[in-house]
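The primary structure of each chain is shown beneath.
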Amino acid sequence: MTALTDVAAGATTTPEPPTPPGRGPRPSLRERFPGLALPALIWYAVFMIGPVVAMLVIGFLSWPGMLVKPGFAGLANFKRVFADDVFWAAAGNSALQIVVGLPVMVLLAFLLAFYVVQKPRGHKVLRYLLFIPALISAPATAMVFYAMLNPDGLLNGVLRSLGLDGNAWLADPSTALGALIAVELWSGIGYSAVLIASRLDSVDTEIVQAARIDGAGDWRIAWGMYWPIARDFIGVVTMLQFLSMLFNSAQTVLLLTQGGPGTATTTLSYLVYRKAFVETDLGYSQAVGIVLFVLGLLGMGAIRRVLRATH
């Protein structure tokens, strides 16, 4: 009897063989994409990944207009792009725009944000005022700057009242691109400052007060405390403004200079627009778009590497 009981107990405690890998119950669609993830992923695939795939396909086609049947061109579009002096001029203008404008924008935005988080009198109103350029449409911004920079505009009027010569700022090859960079700075500094200030607000005020008691001034606190703490977030803001300068400069160029004089203000994003909608050379246009896409990825990677968190 005892033996039978032991046998029965052993039978009940015998471990079940492990389930072979790959034969377990498969998770349901709801478990793999919980909540609203699935609609969001579908939207992202259709409206974000879809245009990228279309750009990659069109870049290898010979397609002289939407109403014309396209043909396969292979690498011919890229050969034309890299042999085109206009493309290299546009690449140089875009590079100069970013190399000069982006560091100035980020540094001034950080200093503005540091001033705001010190909570001077009227700092809440100042945060709203810094957002005003972001609330003004691109055509309205272009009208304001055209009124300032045309030969009979406000800037030349001020210079002439001081006994200085005016200039055709948007028609002079030596100043036209600088004028467009000024427009980008005006539009982006305040918006970036508000974003950075939202991160600087999280810095412990007790630590700041202790540093001031130890004799640290504003300059040392700004660059020795606030900058390292917010460095990673500043990198994100820098990437956003980098992408805006690289991809969205076409609207400012179109409204103010249309790429001129000559190719002095032709940027890569404006070249994509002009080739696609003015010259109806869709293959060339999207070949430049692919180059622009690769430059955007490389630029974001470089910014992320330089401004990654160090603490």
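Residues numbered from 1 in each chain as written. Predicted model: local features only at pLDDT ≥ 70, side-chain atom pairs only at ≥ 80, totals over all residues. Heavy atoms only, no water.

The name given to the protein chain in an unreviewed UniProt entry is Multiple sugar transport system permease protein, with the source organism recorded as Amycolatopsis lexingtonensis. Looking at the protein chain in UniProt, the text filed under Subcellular location (unreviewed entry) is "Cell membrane". (UniProt positions renumbered as here; feature names shortened; annotations may be inferred.)

Here we take up the overall build of the protein chain. A count of helical and extended segments in the protein chain gives 14 helices and two strands. Within the span of the protein chain, comprising 311 residues, buried residues form 37% of the whole. Pairs at least 24 residues apart make up 69% of the contacts formed inside the protein chain by residues separated by at least 6 positions. For the protein chain, the exposed area adds up to about 18,600 Å²; of that, 68% sits on carbon and sulfur atoms. (Helix = DSSP H or I, 4+ residues; strand = E, 2+ residues; numbered from the N terminus. Buried < 20%, exposed > 50% of the residue type's maximum accessible area, 1.4 Å probe, protein only. Contact = heavy atoms within 4.5 Å. Areas by Shrake-Rupley, 256 points an atom, 1.4 Å probe, with all protein chains shown as cover.)

We now examine the packing of aromatic side chains. Inspection of the entire model under this criterion finds 14 aromatic pairs. With 5.2 Å between their ring centres and 50° between their planes, Phe60 and Phe78 make a pair best called tilted. Pair noted here: Phe60 is in the loop between helix H3 (37-58) and strand S1 (61-62) and Phe78 is in helix H4 (residues 76-82), with a separation of 18 residues, a long-range link. Residue classification places Phe78 among the buried residues on the basis of a relative accessible area of 12%. (Phe/Tyr/Trp six-rings, centres within 6.5 Å; stacked < 30°, edge-to-face > 60°.)

With numbering matched to this structure, UniProt assigns "transmembrane region" (unreviewed entry) to residues 36-63, 95-116, 128-149, 176-197, 229-247 and 283-303. From the first C-alpha to the last, residues 95-116 spans 31 Å; its make-up is 100% helix and 0% strand. What you have in residues 229-247 is 100% helix and 0% strand, and the ends, taken at the C-alpha atoms, are 29 Å apart.

The next subject is a nonpolar patch on the surface. A contiguous nonpolar surface patch, about 880 Å² in accessible area, is contributed by Ile42, Trp43, Tyr44, Val46, Phe47, Met48, Ile49, Val53 and Val57. Locating Phe47 in the fold gives a position in helix H3. Relative accessible area serves as the criterion here: at 52%, Phe47 is assigned to the exposed category. (Patch = residues over 30% accessible without salt bridge, like charges linked within 9 Å, V, L, I, M, F, W, Y side chains within 5 Å. Salt bridge = Lys/Arg side-chain N within 4 Å of Asp/Glu carboxyl O.)

So, about the side chain of Ser94. Mapped onto the secondary structure, Ser94 falls in helix H5 (residues 85-117). The class of Ser94 is buried, set by a relative accessible area of 3%.

This paragraph deals with the confidence of the model for the protein chain. Per-residue confidence for the protein chain gives a mean pLDDT of 87; residues scoring 70 or more make up 88%. The model gives residues 1-12 a pLDDT under 50, and that stretch makes zero contacts with residues more than four places away or in other chains. (pLDDT = per-residue confidence, 0-100.)

Now for the pattern of salt bridges. According to the stated counting rule, one finds six salt bridges in the structure shown. Among the salt bridges present, the one from Asp281 reaches Arg80, with a minimum N-O distance of 3.0 Å. Taken together, the residues Asp281 in the loop between helix H13 (268-278) and helix H14 (282-306) and Arg80 in helix H4 connect sequence positions 201 residues apart. Judged by its relative accessible area of 17%, Asp281 falls in the buried class. Note on Arg80: relative accessible area 38%, which makes it partly exposed. Salt-bridge contacts for Arg212 lead to Asp218; the nearest nitrogen and oxygen are separated by 2.7 Å. Note on Asp218: relative accessible area 43%, which makes it partly exposed. The network of salt bridges with common partners includes Arg274, Lys275 and Glu279.

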